[in-house]
Amino acid sequence: MPEERDSGGATQRPLLVLGKIAEILNAFTLSRPELTLREIQQITGLPQSTVQRLVTNLVGHGFLDRAEDRFRIGVRMAYWGAAAGKDLDVLGVVNPVLKDLRDITGETACFFRAEGTHRVCVAVAETRHALRREVSVGSIAPITVGSAGRVLLAWGPGSAERALAEELPQLTESTVTDRDELARLIKKTAADGYAITVGERVDGASGLAAPVFDANAELLGAVMVHGPTLRMPYEQCEAWIDVLIEHAERITRALGGRLPR
């Protein structure tokens, strides 16, 4: 790749060029996998000529693929991603993200996996508040209750059908036990990309959750923020939706994952 020069003609350091390349690649996300040159320029704030030159080079080297006037991350990146993901410690990726999510919201952040008709907490970053709803690694709950369970049902192959065929347990007065209503909420979760529940598993507790996917676009688990409804009324949960999805997507990307079509 040729060296880039600034407006004064001085040769820029290669690391500065790499930084700009990283900005361009970071412009692509799971929610916006295809971008035009103009969109890349608007997102990165880089000069148009710089974007055009670097994108041309990235296409030439397989970092980006082009279809007419739109660009996306190159298929060749999947080859490198497979090597990066080999023997990857999933929890080593999940735990730092949970801590960041906990620090931003101030509430407990967890990661759940599906185990049959239950969901199991496999990682947690606990709130520093004295008033908390206890959850720990190994905690188990029915998959049909709570925001994390709803996410696991919405994207887990056959999970919803299996769960709806069983008797739905009632843990609180707010637990959804009507099959038609639960089926509707599962579909809504899949359409929204997240779930919010209040008091369904534990009275006075709220949660919001979003999915994480692996390299095969299959559900890996659910990231959840959990805490007392006193601090997490529905409106506050709504205010954290973008933050939650951003962190779930961060895990997906770090694991080389992709969204299902």
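Structure shown above.
No experiment lies behind these values; they were computed from the predicted model shown.

Trainee: An account of the overall build of the chain is needed here, citing residue identities and associated values.
Mentor: In terms of regular secondary structure, the chain is built from ten helices and nine strands. With respect to the three principal axes, the spread of C-alpha positions in the chain is 70 × 40 × 35 Å. Split into buried and exposed, the 261 residues of the chain put 43% on the buried side. For the chain, long-range pairs separated by at least 24 residues make up 58% of all intrachain contacts whose partners lie at least 6 apart in sequence.

Trainee: How would you summarise helix α3 (residues 48-60) if you had to cite specific residues and measurements?
Mentor: Taking 1.5 Å of rise per residue, 13 residues should cover 18 Å, and α3 covers 18 Å from first to last C-alpha, within 8% of that figure. Every buried residue belonging to α3 is among Thr50, Val51, Leu54, Val55, Asn57 and Leu58, and all of these are buried. Around the axis of α3, the buried residues are gathered within 160° of arc, so they sit on the same side. Opposite the packed face of α3, turned more than 90 degrees from it, sit the exposed residues Gln48, Thr56 and Gly60. Gly62 lies just past α3 and shows a positive phi near 85°.

Trainee: Describe the side chain of Thr44, with residues and values.
Mentor: With respect to the helices, strands and loops of the structure, Thr44 is situated in helix α2 (residues 37-44). Engagement of the side chain of Thr44 in a polar contact is seen with the backbone oxygen of Ile40, the distance being 2.8 Å. A polar contact is formed between the side chain of Thr44 and the backbone nitrogen of Leu46, at a distance of 3.2 Å. Filtering out sequence-adjacent residues up to four positions away, Thr44 remains in contact with Glu23, Ile24, Ala27 and Val51.

Cut-offs used in this document
- Residues numbered from 1 in each chain as written.
- Predicted model: local features only at pLDDT ≥ 70, side-chain atom pairs only at ≥ 80, totals over all residues.
- Heavy atoms only, no water.
- Helix = DSSP H or I, 4+ residues; strand = E, 2+ residues; numbered from the N terminus.
- Buried < 20%, exposed > 50% of the residue type's maximum accessible area, 1.4 Å probe, protein only.
- Contact = heavy atoms within 4.5 Å.
- Expected span 1.5 Å × (residues − 1).
- Arc of directions from axis to C-beta.
- Polar contact = N/O pair within 3.5 Å; in protein donor to acceptor, adjacent residues only side chain to side chain.

Just geometry here; none of it tells us what the structure is for.
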